[in-house]
Amino acid sequence: GCMSASGVGNSDDMRWWVEFESGVRAVFRTWTALNLGIQNQWGGPESCAKSTDLCERVLDMFYKQERVYPDELEDLFDDYLQRELSLVAEDGSVEEVAELLASLFEECCDNNFERVRKLENLSPDAVGKSVKAKEAKAPADGDEAAPEEARTQDEALPGSAPSPVQAPQPQQSPKSDQNQKKKQPKPQADADGWTTVPRRK
């Protein structure tokens with residue numbers, strides 16, 4: 001183990017922190033659910049910045065505390081993803097990432113940077129592969145406080161615009177249409193008792 005980074009003085013001793021920071025950024029870069037939220041802009045146009053902000057918060061926690069527990073990170077992720085990115089990660093990746101970061105911190109403290117190297121080489125979306133992230137739907141009555149933000153968020157979402165109204169299909173296929181023409185149209189009485197005799201075509 002090691003002291004929190006804020007207690008560390010000279011730059012040689014800081015190498016583990018630089019490595020850890022690099023590892024954390026690599027984890028965020030490869031976190032599928034998070035990337036899904038960014039690509040779909042579920043947090044609005046600022047989605048990418050919000051992801052960076054979350055990364056900074058995590059680094060800050062590790063920097064200030066001597067020990068950060070996975071469940072603290074899970075709480076932070078769940079809360080932040082839902083509040084800022086309207087994202088619910090159902091793929092177990094929140095727990096996965098929390099465990100990963102806690103282990104990474106321990107390893108970097110012991111000057112073991114093997115996992116950092118591996119993470120840096122991962123392709124994007126490698127963490128939480130079986131992703132089942134979904135957008136957290138806002139309550140139906142809408143948020144009164146920020147109609148402006150809600151609107152832009154909707155526009156950014158695929159499929160949120162009302163789908164174009166389908167043209168009503170003609171009731172009869174051309175074939176039955178011709179049968180109809182051959183038969184003599186029957187006179188029809190309407191509600192007032194008037195009988196309307198269809199004219200012949």
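As a starting point, this report considers the structure included with it.

Topic: helix H4 (residues 70-85)
Residues that lie three or four places apart on an α-helix share one face, since the helix turns once every 3.6 residues. Across its 16 residues, H4 extends 21 Å between first and last C-alpha, which sits within 8% of the 22 Å expected from 1.5 Å per residue. Every buried residue of H4 is listed here: Pro70, Leu73, Glu74, Leu76, Phe77, Tyr80, Leu81 and Leu85. Seen end-on, H4 carries its buried residues on one side only, within an arc spanning 165°. Buried-residue contacts for H4 involve helix H1 (15-29), helix H2 (32-39), helix H3 (47-64), strand E1 (87-89) and helix H5 (93-109). Of the residues trailing H4, serine 86 is marked for its positive phi of about 50°.

A look at a negative patch on the surface
Together, Asp71, Asp75, Asp78, Glu95, Glu96 and Glu99 give the surface a local cluster of negative charge. At the level of elements, H4 and H5 are the ones that each hand at least two residues to the negative patch.

What about the nonpolar core?
If you look at the biggest cluster of nonpolar residues, it comprises 40 residues, and the most contacted ones within it are Phe28, Phe77 and Leu101. Mapped onto this core, the elements with two or more residues apiece are H1, H2, H3, H4, E1, H5 and helix H6 (114-121). Here this core gets 9 residues from one element, more than from any other, and that element is H5. Setting aside chain neighbours within four positions, we find leucine 101 in contact with Phe20, Val24, Val27, Phe28, Val58, Phe62, Leu73 and Phe77.

So, the pattern of salt bridges
One pass over the full model with this rule turns up 12 salt bridges. Among the charged side chains, a salt-bridge network with shared partners connects Arg15, Glu19, Arg117 and Glu120.

Re the packing of aromatic side chains
Under the definition given, this model contains 10 aromatic pairs. With 5.7 Å between their ring centres and 85° between their planes, tryptophan 16 and tryptophan 17 make a pair best called edge-to-face. Of the two residues examined, tryptophan 16 and tryptophan 17, each falls in the buried class. Geometrically, the ring pair formed by phenylalanine 62 and phenylalanine 105 is tilted, given 4.8 Å between the ring centres and 40° between the ring planes. Separated by 43 residues along the polypeptide, phenylalanine 62 in helix H3 and phenylalanine 105 in helix H5 bring together distant segments of the chain. Taken individually, phenylalanine 62 and phenylalanine 105 each receive the classification buried, so the pair is uniform in this respect. Clustering of aromatic rings is evident, with ring pairs tying together Trp16, Trp17, Phe20, Phe62, Tyr63 and Phe105.

Cut-offs applied
Residues numbered from 1 in each chain as written. Predicted model: local features only at pLDDT ≥ 70, side-chain atom pairs only at ≥ 80, totals over all residues. Heavy atoms only, no water. Helix = DSSP H or I, 4+ residues; strand = E, 2+ residues; numbered from the N terminus. Expected span 1.5 Å × (residues − 1). Buried < 20%, exposed > 50% of the residue type's maximum accessible area, 1.4 Å probe, protein only. Arc of directions from axis to C-beta. Contact = heavy atoms within 4.5 Å. Patch = residues over 30% accessible without salt bridge, like charges linked within 9 Å, V, L, I, M, F, W, Y side chains within 5 Å. Areas by Shrake-Rupley, 256 points an atom, 1.4 Å probe, with all protein chains shown as cover. Salt bridge = Lys/Arg side-chain N within 4 Å of Asp/Glu carboxyl O. Lys, Arg positive; Asp, Glu negative; His and termini not counted. Charge placed at Lys NZ, Arg CZ, Asp CG, Glu CD. Core = buried A, V, L, I, M, F, W, Y, C linked by side-chain atoms within 4.5 Å. Phe/Tyr/Trp six-rings, centres within 6.5 Å; stacked < 30°, edge-to-face > 60°.

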